[in-house]
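# Reading the structure
Residues per chain are reported as follows:
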Amino acid sequence: MADRYSDPDMGSWNAKIMAEFRAGHGKVGGVFADVPLLLLTTVGARSGRESTTPLGYLPDGDRRIVFATNGGQARNPAWYHNLLAQPRVRVEVGTGTQIEEYVCTATVLTGAERDALWNEQESRAPVFAEYKSKTDRLIPVIALA
C-alpha cells in the first residue's frame, strides 16, 4: 500500500484541503471541520524543495503540537524526515478572518512531555489510538515554536 505522501490521490486531497483552508482563512469542512488545522511547510531533505502538508494540531501555550502519525503506517511521514534535516519550518494558521504565517523551529519531544501531549491528543481525537494500534513505531510528537 502506498503511503499518503507518495499516493497521487492523497496529494490531490491535500491540495483541496489547503485551498479550502486558505480560502476560508483556516476553516474547512468535512472530516476536519472541528479539528484545529495548520499548514506545515518543510524543505525537502533530499530535494531542497518546499513541501506543504495540512496537519491537525494541539494548541499548547505559545506552541502548536503536531503528530507524525502517517495514518498509523510503519514509517514516519516525509514531512517528519524533512524537519529532522531542516527544523526551520513555516506554519500557516487561520483565525477565521485571516491566515497568520510565521517561521519557527520544530523540536521533537521525548519522554514524559511527549507522552503527556500524545495522551492529551488521543483523548481529544480517539482516532489517534487507532493510529497507534496500527504500528510498532513510537509516533513522533513535534512542538512548533
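Residues numbered from 1 in each chain as written. Predicted model: local features only at pLDDT ≥ 70, side-chain atom pairs only at ≥ 80, totals over all residues. Heavy atoms only, no water.

## Quick notes on the pairing of strand β2 (residues 50-56)
In the sheet, strand β1 (residues 37-43) pairs with β2 via seven bridges, with the strands oriented antiparallel. By the bridge assignment, Thr42 is partnered in β2 with Ser51. Hairpin geometry of β1 and β2 is characterised by an intervening segment of six residues between the two adjacent antiparallel strands and by a positive phi of about 75° at Gly48. (Pairing = 2+ DSSP bridges. Helix = DSSP H or I, 4+ residues; strand = E, 2+ residues; numbered from the N terminus.)

## A closer look at the confidence of the model for the protein
Across the protein, pLDDT averages 92, with 93% of residues at or above 70. Of the regions scoring below 50 in pLDDT, residues 1-8 engages in 20 contacts with residues more than four places distant in sequence or in other chains. (pLDDT = per-residue confidence, 0-100. Contact = heavy atoms within 4.5 Å.)

## Section: helix α3 (residues 111-124)
End to end, α3 covers 20 Å across 14 residues, agreeing with the expected 20 Å (1.5 Å per residue, within 8%). Among the residues of α3, Arg114, Leu117, Trp118, Gln121 and Glu122 are the ones counted as buried. End-on view of α3: buried residues confined to an arc of 140°, all on one side of the axis. With respect to the buried face of α3, the exposed residues turned more than 90 degrees away are Ala112, Ser123 and Arg124. On its buried side, α3 packs onto β3 (58-60), β4 (63-67), β6 (99-109), α4 (127-133) and β7 (141-144). (Expected span 1.5 Å × (residues − 1). Buried < 20%, exposed > 50% of the residue type's maximum accessible area, 1.4 Å probe, protein only. Arc of directions from axis to C-beta.)

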